[in-house]
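Coordinates in review
Chain by chain, the residues run as shown.
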Amino acid sequence: MSAPIVISNARIVDPATNTDKRGALLVADGKIAGVSEGAPQGAPEGATLVDARGLIVAPGLIDMRVFTGEPGHEYRETLATAGEAAAAGGVTSFVLMPDTTPAVDDGAIVDFIIRRAAATAKVNVLPAAAITRGLRGEEITEFGLLKEAGAVCLADGRNSIQSAALLRAAMSYAANFDLPIVHHVAEKSLIGEGVMNEGTLATVFGLKGIPAEAETIPLARDLQLAALTGARYHAAQISTSGSVELVAAARQRGTISAGISINNLALNENDVAPYRSFFKLSPPLRSEDDRQAMIEGLKSGTIDTIHSAHDPQDTEVKRQPFAEAADGAIGLETLLAAALRLVHSGDVPLLTILRALTLRPAEILGLNSGRLAAGAPADFILLDLDFPWVVAEADIVSRSRNTAFEGARMQGAVMHTFVAGRRVFSHAAAGEFSA
Amino acid sequence: MSSPTETGTRRPFPHRNLLGISQLNQYEILDLIDRAEAMIPISRQPRKTLPTLSGKTQINLFFEPSTRTQSSFEIAGKRLGAQVTNMSVKTSSVTKGETLIDTAATLNAMQPDVIIVRHGAAGAVELLSQKVGCAVINAGDGAHEHPTQALLDALTIRQHKGSLAGLTVAICGDIANSRVARSNLLLLGAMQARTRVIAPKTLLPRGIEAMATEVFTDMREGLKGADVVMMLRLQHERAAGKLIPSIREYYRFYGLDAEKLALAKPDAIVMHPGPMNRGVEIDPAIADGPRSVINQQVEMGVAVRMAVLDALLADREVTA
């Protein structure tokens, strides 16, 4: 077991207790031993002493939507490379989407991922199990056995279940095992051949549009089914102002929560111009009005979580004409910095942003991490809130390069990342670790 | 407004590629139309060749089948003395694994001077142009742009009406899926014409108001007082039963017949980019009637493509 660590002179920011104060963090046996105000009291013998002057100590990020290529498409991303990227981005746990080959629809595959991640990944990998076999939206999987194997939630990944009857059955059955259903909402017939937000821009570009109703119609259905079945329901990612209204209204009637991709918070449809396929995402980037509604939803608590939607794709499928290119962008390394844009612009308080990146995902998934409480896993980050940097393809840690933030100027970088009290990442610009 | 018509004193065309009307300002549009007008007599004389592009290699790369546009570009290139190669890429060979960028790299290695591309996806021609060292002309990319069509339409209109400014041009049909409509709206807008789009709501894309002066769902209203009636081809195999109930209903409300045409100005001309569906979007009697300029559009197509090739290639020699 590693030596105890005392991190002093830090700005401690912990959404679980609404803390934002100077203090020290004590770590022992891979767990948080305590947080003290001002100077640390009674540092244990042999402890590593760290002077974190100028840095924030915050819980490590919990990213609720990450795709990799393992098993099946290791050339895109493995659990190991995704773990490296996560550590570099301050993400100490991520929920792995079941869209692998084979899909994570069987306890044996959950088990494989847990073992493989323990052996190769630097951060905690939390497998989501498929809601339906093969992600085909036709038959439900073995929720009980999948939970026993270690799945933290049920999700059909990129797939959106079209049959209301099947989804009702899935929600009812999931309630038996108290597993949250995390569902990407998309009405396929309304999307049709659509590839970007419907509106003037799509029309000028000659691209088929995806209307907001392709999201709000299935979302309204899901929210009613959640109320009917009593399931714990998390709308995986919403992107339109109408969706925020629906979620806000439904919260009184059930255990409802909602997430958003950082892309829909930080970018809008104008970024697509001209035919930049790295901005082809699902859900699509929406209008600036929608983005503003998302920010309001985050501030009001209607939107609970922010995730990266990390989706590694190779050049072959991304550097294509826009309509023919694959959806998705990587995001583990830029999630926090992109979210901090909203803090630096004065739109959202730091505690609110961090709550959506740490505590709320933990609560939804029933984890005891995501907070700096005594006894919680020592998963935390040391953050330089103002560190300036530019996203450069050459610096990308992930195995795939399809970032939507190439060339973007960022303010704020993770200097050190800890998982279970072990340092798994240090920034090149970070000083000597121990004082 | 000064008109750059004097040959010899003309400035070089300032673009490497012709990817869309959206990249051109009104002077550049006018310049291309003037150049095209000067090309018309060449095709009418017994010896129809100029040596302008002799020794140049032109590749026609068509990912979608097209008889008329491809032959028009082929004839235009040959009349200017270029060596023309046609490459029809069936969609199946693309799904065999070669990406558009692979194709671009392969062709680029053959050192062509110009590649003319038609592709089913919007933006595909621009993407290809970023990967090659030669000039690229967009011969149609998805529902995005078809710039030489808009230029030949403009030249045809000018032949009849003298000028584009102030004219009312009604574009009728499948606006949602039409690159011809978009390029024409951009060009006519830049030249101060009044544009109207006419279609049932299922064939009007969201936000089209941003591209047209007026939007109509009633064809009779939309045709009133028009100087030019531009009909579009309806992809009726795809639309019937989904976006329109039937061909006969479409023809009844959106097909151009004598009765509806009578609402336009008495000297209004009728255009169609072809190929036509007679009896679907247009009455055969109108298509082949005295106010139709459809065959003239085809002739102007060759002149426009000669002008564009000349502007992109002949001028380049000077600047290179």
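Structure first, text after, so check above.
This one's a predicted model, so the numbers in the text were calculated from it and none came from an experiment.

Conventions used here
Residues numbered from 1 in each chain as written. Chains lettered and ligands numbered in written order. Predicted model: local features only at pLDDT ≥ 70, side-chain atom pairs only at ≥ 80, totals over all residues. Heavy atoms only, no water. Helix = DSSP H or I, 4+ residues; strand = E, 2+ residues; numbered from the N terminus. Rg over C-alpha atoms; globule rule 2.2 N^0.38 Å. Buried < 20%, exposed > 50% of the residue type's maximum accessible area, 1.4 Å probe, protein only. Contact = heavy atoms within 4.5 Å. Lys, Arg positive; Asp, Glu negative; His and termini not counted. Charge placed at Lys NZ, Arg CZ, Asp CG, Glu CD. Phe/Tyr/Trp six-rings, centres within 6.5 Å; stacked < 30°, edge-to-face > 60°. Polar contact = N/O pair within 3.5 Å; in protein donor to acceptor, adjacent residues only side chain to side chain. Buried area = accessible area lost by both parts, 1.4 Å probe. Salt bridge = Lys/Arg side-chain N within 4 Å of Asp/Glu carboxyl O. Nonpolar A, V, L, I, M, F, W, Y, C, P; charged D, E, K, R; others polar. Pairing = 2+ DSSP bridges. Axes fitted to C-alpha atoms, helices over the stretch in contact; angles between N-to-C directions. Right-handed = clockwise from strand over helix to strand, strands pointing away.

**Topic: the overall build of chain A**
A tally of helices and strands in chain A yields 14 helices and 18 strands. For a compact globule of 435 residues, the expected C-alpha radius of gyration is about 22 Å, and chain A comes in at 21 Å, within 12% of that figure. Each of the three principal axes of chain A carries a C-alpha extent, and together these read 65 × 45 × 40 Å. Looking at chain A as a whole, 61% of its 435 residues qualify as buried. Across chain A, the fraction of contacts at a sequence separation of at least 24, relative to all contacts at a separation of at least 6, is 73%. The distance from the centre of the 37 positive side-chain charges to the centre of the 50 negative ones in chain A is 2 Å.

**Here's the deal with the packing of aromatic side chains**
Residue and element names in this part refer to chain A. Enumeration according to the criterion identifies six aromatic pairs over all chains in this entry. Ring centres of Phe 380 and Phe 418 lie 4.4 Å apart, and the angle between their planes is 5°; this geometry places the pair in the stacked category. Within this pair, whereas Phe 380 is found in strand 16 (residues 380-390), its partner Phe 418 is found in strand 17 (residues 409-419), the two being separated by 38 residues in sequence. Residues Phe 380 and Phe 418 agree in their burial class; the two are buried. Here the aromatic residues Phe 143, Tyr 173 and Phe 177 are joined through ring pairs into a cluster of three or more.

**Considerations on unusual backbone geometry**
Residues and elements named next belong to chain A. A cis geometry characterises the amide bond from Glu 70 onward to Pro 71, with omega recorded as 5°. Of note, Pro 71 is situated in the loop between strand 6 (61-66) and helix 1 (79-88). Pro 283 follows Ser 282 through a cis peptide bond whose omega is 0°. Position of Pro 283 among the secondary structure elements: in the loop between helix 9 (262-266) and helix 10 (288-300). At Asn 9, a residue that is not glycine, the phi angle is positive and equals roughly 60°. Counting through the fold element by element, Asn 9 comes out in strand 1 (residues 5-14).

**Let's talk about the side chain of A:Glu70**
Residues and elements named next belong to chain A. On the secondary structure map, Glu 70 appears in the loop between strand 6 and helix 1. A polar contact of 2.8 Å, which involves the side chain of Glu 70, links it to the backbone nitrogen of Leu 79. With residues near it in sequence (within four places) discarded, Glu 70 still touches Glu 77, Thr 78, Leu 79, Ala 80, Thr 100, Phe 112 and Arg 116.

**Section: the interface of chain B and chain A**
Interface size is commonly expressed as the accessible surface area that is lost when the partners come together. Taken together, the contacts link 22 residues of chain B with 18 residues of chain A. Summing both sides of the interface, chain B and chain A together bury roughly 1,600 Å²; the carbon and sulfur share of this comes to 56%. Inspection of the chain B/chain A interface yields one salt bridge. Between A:Glu198 and B:Arg206 there is a salt bridge; the shortest N-O distance is 2.4 Å. Here chain B and chain A share five residue pairs in polar contact (both at pLDDT 80 or more) between them. Of all the elements in the fold, those that place two or more residues in the side of chain B that touches chain A are helix 4 (100-108) and helix 5 (124-129) of chain B. Its residues placed into classes, the side of chain B that touches chain A shows eleven nonpolar, seven polar and four charged.

**Brief notes about the sheet that holds strand 6 of chain A**
Residues and elements named next belong to chain A. Strand order in the open sheet formed by eight strands is 6-7-8-9-10-13-14-15, with parallel pairing between adjacent strands. Only two strands of the sheet have a single neighbouring strand rather than two, namely strand 6 and strand 15 (305-307). Taking each pair of neighbouring strands and ignoring which way they run, the sheet shows an average axis angle of 30°. Summarising the sheet, strand 9 (residues 153-155) and strand 10 (residues 181-183) pair through two bridges and their orientation is parallel.

**A short note on the sheet that holds strand 2 (residues 83-88) of chain B**
All names here are of chain B. With respect to topology, four strands assemble into an open sheet ordered 2-1-3-4, the strand pairing being parallel. Taken across any chain shown, the strands that pair with only one partner, and hence form the sheet edges, are strand 2 and strand 4 (135-141). Between one strand axis and the next, the sheet turns by 15° as a mean value, whatever way the strands run. Note that strand 1 (residues 57-62) and strand 2 share six bridges and pair parallel. Note on strand 2: the bridge partner recorded for Leu 61 is Met 87. Helix 4 contacts strand 1, strand 2 and strand 3 (114-119) of the sheet and is inclined by roughly 165° relative to strand 1.

**Points about the pairing of strand 4 of chain B**
All names here are of chain B. The element strand 4 is extensively covered by neighbouring structure, given that seven of its seven residues are classed as buried. Where strand 3 lies against strand 4, five bridges are found, and the strand directions are parallel. Within strand 4, the residue paired with Val 117 across the bridge is Asn 138. For the handedness criterion, the β-α-β arrangement of strand 3, helix 5 and strand 4 is classed as right-handed.

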